[in-house]
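# Chain and residue survey
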Amino acid sequence: MLDHMITIEGLSKRYGGFVAVDDVSFTCKAGSGTGFLGPTGAGKSTTMRILTGLTPEDSGTAQIDGVRYSDIPNPSTKIGVLLDASAQHAGRTGREILMISALTMGLPTKRVDEMLELVSLTPSESKRRVRNYSLGMRQRLGLANALMGDPEVLILDEPANGLDPAGIHWMRGLLRSYANRGGTVLLSSHLLNEIEVIADEIVVIGQGKIVANGTKAELLSTAGTFVKSLEPDDLLKALVTAGISAEPSGDAGLRTDSTAEQVGRAAAAAGVALVELRAADGAGLEEMFLKLTEPTQRESINPEGVVA
Ligand SMILES: Nc1ncnc2c1ncn2[C@@H]1O[C@H](COP(=O)(O)OP(=O)(O)O)[C@@H](O)[C@H]1O
Ligand SMILES: [Mg+2]
């Protein structure tokens, strides 16, 4: 596969006075999955709709290899798109929808059957109208549609929504091998766990703004140090005295960006006994996600995901 790159730069979109997407910039490179993470209403779908030419932006650019989606000839053979699965033409059968795609792309009928098999939709399911599909079936159909033209770029909005655990596992494998072959994958989710397993790069959006962006390893490493004492007030005082800022974490613990040694010395200097002192674990990313997307906290957080 070729090295395709999605580049979003200074993208903004308003609905009336409401800013849905606010100066969003990030890139999505070939050979890795980029997870676009944010709570419901954060602006993920709007960004992806602009990227795929369905919603006009107010300012900024969203391009694939330096070209707008709508300026790419036969985009569906190069870019597989799955947008909000509930927005599919409900009156048609799954098979009809795929047939139309195949015809549009000049692909043989055989390809429709291959795709149905790939996403595990049975022949009888494929003959039912989409309005009678479960959300999981719609997602499978949407994925079949996105993969039909054997594209090198995938843009998937909440693809795991409605899939059962087995379906999510299957999709992970599919996207992983796709990225490993050099494909470019942008997928959104409102669930950290989903993104964590599939994506190498994570872009976090909250209230229209990008609030964190980095590799999964980078974002996990910002988890810092977890510390706990049976005298939490004394511990907090000891840390503050030592110039260490900390925030509540987990069950009556504190999380800081300082090292375990700095925290341990500060506690020792104040004579505070610790019951736990360790690297903050994966839950740190979860806390960060929650914190980053809290409206009141949002302004005080820098792009590295550290509370200022
Ligand atoms: N067509 C629209 N008209 C008015 N507001 C919209 C429209 N589309 C999206 N919004 C608003 O923009 C915000 C972002 O929505 P969306 O991009 O769908 O978020 P997400 O996909 O992250 O859940 C939400 O507050 C939503 O209500
Ligand atoms: Mg959405």
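Above this text is the structure in question.
What comes next concerns the included structure. Here the structure is a predicted model, which is why all the values come from computation and not from measurement. Numbering of residues starts from 1 in every chain and runs along the sequence as written. Chains carry letters and ligands carry numbers; both start at the beginning, A for chains and 1 for ligands, and go up in the order they are written. The model is predicted, so local features are restricted to residues of pLDDT at least 70 and side-chain atom pairs to those at 80 or more, both for listing and for counting; the totals for chains, interfaces and linings are taken over all residues. Excluding hydrogens and water, the side-chain figures rest on all heavy atoms present in the structure.

Moving on to the side chain of Ser-188. Strands here are runs of E lasting at least two residues and helices are runs of H or I lasting at least four, both read from the DSSP assignment and numbered beginning at the N terminus. By the element assignment, Ser-188 lies in strand 7 (residues 184-189). The buried category is assigned to Ser-188, whose relative accessible area is 1%. Counting of polar contacts relies on pairs of N or O atoms within 3.5 Å, with two restrictions inside protein: one atom must be capable of donating a hydrogen and the other of accepting it, and residues adjacent in sequence are counted only when both atoms are side-chain atoms. Only 2.5 Å separates the side chain of Ser-188 from the side chain of Asp-157, close enough to count as a polar contact. In what follows, residue pairs with any heavy atoms lying within 4.5 Å of each other are defined as contacts. Excluding residues that lie within four positions of it along the chain, Ser-188 makes contacts with Phe-36, Lys-44, Met-48, Leu-156, Asp-157, Glu-158, Pro-159 and Ile-195. The classification of residues rests on relative accessible area computed with a 1.4 Å probe and restricted to protein chains. Under 20% of the type maximum is buried, over 50% is exposed, and intermediate values are partly exposed.

We now examine the pattern of salt bridges. Put simply, a salt bridge is a Lys or Arg side-chain nitrogen that is within 4 Å of an Asp or Glu carboxyl oxygen. Inspection of every chain in the model, using the stated rule, returns 12 salt bridges. A salt bridge links Asp-71 to Arg-68; its shortest N-O distance comes to 4.0 Å. Its relative accessible area of 38% is what places Arg-68 among the partly exposed residues. The partner of Glu-247 in a salt bridge is Arg-255, and the shortest N-O contact between them spans 3.4 Å. Note on accessibility: Glu-247 and Arg-255 belong to one class, buried. Via salt bridges that share partners, Glu-57, Arg-68 and Asp-71 belong to a single interconnected network.

What follows is about the sheet that holds strand 2 (residues 18-28). Pairing between two strands is assigned when DSSP locates at least 2 bridges connecting them. Read across the sheet, 3 strands follow the order 2-1-4 without closing on themselves; strand pairing throughout is antiparallel. What marks the edges here is a single partner per strand, and that holds for strand 2 and strand 4 (59-64). Geometrically, the sheet is characterised by an average inter-axis angle of 20 degrees between neighbouring strands, direction not taken into account. Fitted lines through C-alpha atoms serve as axes, helices being fitted only where they are in contact, and the angles separating the N-to-C directions of these axes extend from 0 to 180 degrees. Across the sheet, helix 1 (residues 44-51) lies against strand 1 (6-15), strand 2 and strand 4, angled at about 115 degrees from strand 1, the strand it touches most.

Here a residue is near a molecule or strand as soon as one of its heavy atoms is found within 4 Å of it. Tyr-15, Phe-18, Ala-20, Pro-39, Thr-40, Gly-41, Ala-42, Gly-43, Lys-44, Ser-45 and Thr-46 make up every residue found near ligand 1. For ligand 1, an oxygen atom lies 2.9 Å from a polar atom in the backbone of Gly-43. One nitrogen or oxygen atom from the side chain of Ser-45 is found 2.8 Å from an oxygen atom belonging to ligand 1. Residue exposure ignores everything except the shown protein chains as possible cover, and the areas themselves are Shrake-Rupley values with a 1.4 Å probe. Starting from 560 Å² of accessible surface for ligand 1 in isolation, the protein chains cover 59%. For the shell around ligand 1, the secondary-structure elements that each account for two or more residues are strand 2 and helix 1. The biggest single contributor to the shell around ligand 1 is helix 1, with 3 residues. As a working rule, the residues Ala, Val, Leu, Ile, Met, Phe, Trp, Tyr, Cys and Pro are called nonpolar, Asp, Glu, Lys and Arg charged, and the rest polar, with Gly in that last group. For the shell around ligand 1, the per-class residue count stands at 5 nonpolar, 5 polar and 1 charged.

In this section: the side chain of Arg-111. Within the secondary structure, Arg-111 sits in helix 3 (residues 109-118). Among the polar contacts listed, one links the side chain of Arg-111 to the backbone oxygen of Leu-147, at a separation of 3.2 Å. Those residues in contact with Arg-111 that lie beyond four places of it in its chain are Leu-147, Met-148 and Asp-150.

Closest axis-to-axis distance for the helix 2 (residues 94-105)/helix 3 pair is 9 Å, and the angle between their directions is 130 degrees. Here helix 2 is positioned oblique relative to helix 3, judged by the angle of their axes. When the axes of helix 2 and helix 3 are compared, the crossing they make is right-handed. Contacts between helix 2 and helix 3 involve Arg-95, Leu-98, Met-99 and Ala-102 from the first element and Thr-109, Val-112, Asp-113 and Leu-116 from the second. Taken together, the residues of the contact of helix 2 with helix 3 break down into 5 nonpolar, 1 polar and 2 charged. Under this scheme an angle from 65 to 115 degrees is roughly perpendicular, one under 35 degrees roughly parallel, and one over 145 degrees roughly antiparallel; angles in between are oblique. Take the far helix as your reference; a near helix turned counterclockwise from it by less than a right angle gives a left-handed crossing, and one turned clockwise gives a right-handed crossing.

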